[in-house]
Amino acid sequence: MQHILITGANRGIGLQLTKHYLQAGWQVIATYRNAYDNDALQALECPQLAMLQVDVGSDEDLRNLATHLHGRGLDLVINNAGIYGPRDQTLGTIDRQTWRQILEVNTISPLMLAQALADNLAQNQGTLAIISSRVGSIDDNSGGAGYMYRSSKTAVNQVTKSLSIDLAPRHIKVVALHPGWVQTDMGGPNALITVTESVAGLTNVIANLTSAQSGQFINYDGDGINW
Ligand SMILES: NC(=O)c1ccc[n+]([C@@H]2O[C@H](COP(=O)([O-])OP(=O)(O)OC[C@H]3O[C@@H](n4cnc5c(N)ncnc54)[C@H](OP(=O)(O)O)[C@@H]3O)[C@@H](O)[C@H]2O)c1
């Protein structure tokens with residue numbers, strides 16, 4: 001049986017990823033930030049599902065996670081947890097504290113999670129998938145603005161690249177994935193695709209990932225994205 005850990009699994013893309021891997025017969029550790037906001041996970045009532053409270057920005061929670069794992073191997077870790085911040089991120093609206101909070105969740109925490117779980121992934125020669133965003137692509141930026149969210153995803157792409165190099169000797173693959181513009185609380189109702197379509201694509205990309213693709217930025221349909 002294969003083992004996966006997913007962050008931000010209580011709603012949106014993370015919840016759908018959890019459902020997908022449970023249906024595929026994996027042992028799933030689904031983590032959520034708030035104990036009072038995990039009803040959708042609780043409702044899954046599946047013996048292969050373990051739920052754990054992890055605020056990805058909390059070192060204490062990451063230590064508890066390591067204790068919970070007790071050295072067990074992981075085949076796949078999906079760093080899905082993320083925040084957008086204020087909808088309006090145009091020039092003149094940006095404040096330092098809000099930007100720092102977004103960087104904390106979207107950029108710093110994925111690296112801290114990777115540090116905490118590298119040994120578990122190495123045991124199973126596993127994969128670390130970091131859910132990034134196309135709006136983090138400098139090449140793709142024709143619209144401007146979005147300063148805080150865009151930069152947090154651009155920076156996590158660089159984190160992904162370094163991790164892929166540093167973890168290659170331990171046979172861990174690391175990729176940054178764009179899930180599409182998805183109908184979730186973050187993506188909004190006008191987004192182009194459903195969580196089901198996004199997760200079908202993401203999980204297909206992950207299932208077919210080669211070592212040569214480690215360190216790449218990949219769309220949910222399998223196409224590469226320029227940095
Ligand atoms: N939807 C899109 O169109 C889109 C496009 C590109 C990229 N993405 C990326 O895809 C990922 C998932 O997005 P989504 O659309 O599913 O968003 P969502 O519906 O807003 O869900 C975000 C998830 O992240 C969790 N989270 C936020 N901060 C956290 C923290 N400090 N610790 C642990 N969990 C935390 C949330 O938990 P709570 O419920 O406790 O808040 C929630 O489970 C994000 O990384 C996002 O940037 C989304």
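Our structure is the block above this text.
Residues numbered from 1 in each chain as written. Predicted model: local features only at pLDDT ≥ 70, side-chain atom pairs only at ≥ 80, totals over all residues. Heavy atoms only, no water.

Asker: Whenever I open this one, the packing of aromatic side chains confuses me. Can you help?
Answerer: The geometry of two aromatic rings is summed up by the distance between their centres and the angle between their planes. This model, assessed by the stated rule, comprises 3 aromatic pairs. Judged by centre distance (4.5 Å) and plane angle (35°), the ring pair of Y84 and Y149 falls under tilted. Taken as a pair, Y84 in the loop between strand 4 (76-79) and helix 4 (96-123) and Y149 in helix 5 (residues 147-167) lie far apart in primary sequence, 65 residues in all. Under the relative-accessibility criterion, Y149 is labelled buried at 8%. With a centroid separation of 5.5 Å and an interplanar angle of 15°, the aromatic rings of F217 and W227 are classed as stacked. One end of the pair, F217, is in strand 7 (residues 217-219); the other, W227, is in the segment after strand 7, with 10 residues separating them in the sequence. (Phe/Tyr/Trp six-rings, centres within 6.5 Å; stacked < 30°, edge-to-face > 60°. Helix = DSSP H or I, 4+ residues; strand = E, 2+ residues; numbered from the N terminus. Buried < 20%, exposed > 50% of the residue type's maximum accessible area, 1.4 Å probe, protein only.)

Asker: I'm lost on the nonpolar core in this one. Help?
Answerer: The tendency in soluble globular proteins is for nonpolar side chains to be buried side by side. I4, I6, Y21, V28, I78 and L177 are the most contacted members of the largest nonpolar core, which totals 29 residues. Elements with a minimum of two residues in this core: strand 1 (3-6), helix 1 (12-23), strand 2 (27-32), strand 4, strand 5 (127-131), strand 6 (173-178) and helix 6 (195-207). When neighbours within four sequence positions are excluded, I4 is seen to be in contact with Y21, W26, Q27, V28, I29, L74, L76 and I78. The next biggest cluster of nonpolar side chains, apart from the first, holds 26 residues, and it includes L74, I130, L163 and V174. (Core = buried A, V, L, I, M, F, W, Y, C linked by side-chain atoms within 4.5 Å. Contact = heavy atoms within 4.5 Å.)

Asker: For this particular structure, what's the right way to read the environment of G180?
Answerer: Secondary-structure assignment places G180 in the loop between strand 6 and helix 6. The sequence separation of G180 and I218 amounts to 38 residues, and the corresponding C-alpha distance is 10 Å. Beyond its immediate chain neighbours, meaning those up to four positions away, G180 contacts I193, N219 and Y220.

Asker: I tried to follow the layout of surface pockets on my own but got confused; where do I start?
Answerer: Where empty space is left can be seen by rolling a probe of water-molecule size over the atoms. Of the voids in this model, the largest pocket is the one considered here, and its volume is about 1200 Å³. Along the wall of the largest pocket there are 42 residues; nearest its centre are G82, I83, Y84, Y149 and M186. Only helix 1 and helix 5 provide two or more residues apiece to the lining of the largest pocket. As a volume, the second largest pocket reaches approximately 240 Å³. Along the wall of the second largest pocket there are 15 residues; nearest its centre are Q2, W26, L76, I206 and A207. Of all the elements in the fold, those that place two or more residues in the lining of the second largest pocket are helix 1 and helix 6. Per-element tally for the lining of the second largest pocket: the top contributor is helix 6, with 4 residues. Within the lining of the second largest pocket, the residues separate by chemical class into 6 nonpolar, 7 polar and 2 charged. (1 Å grid on protein atoms, 1.4 Å probe; cavity = no way out; pocket = protein on both sides within 12 Å on 5 of 7 lines; lining within 4 Å. Points joined across faces, edges and corners; volume = space filled by probe spheres on them. Nonpolar A, V, L, I, M, F, W, Y, C, P; charged D, E, K, R; others polar.)

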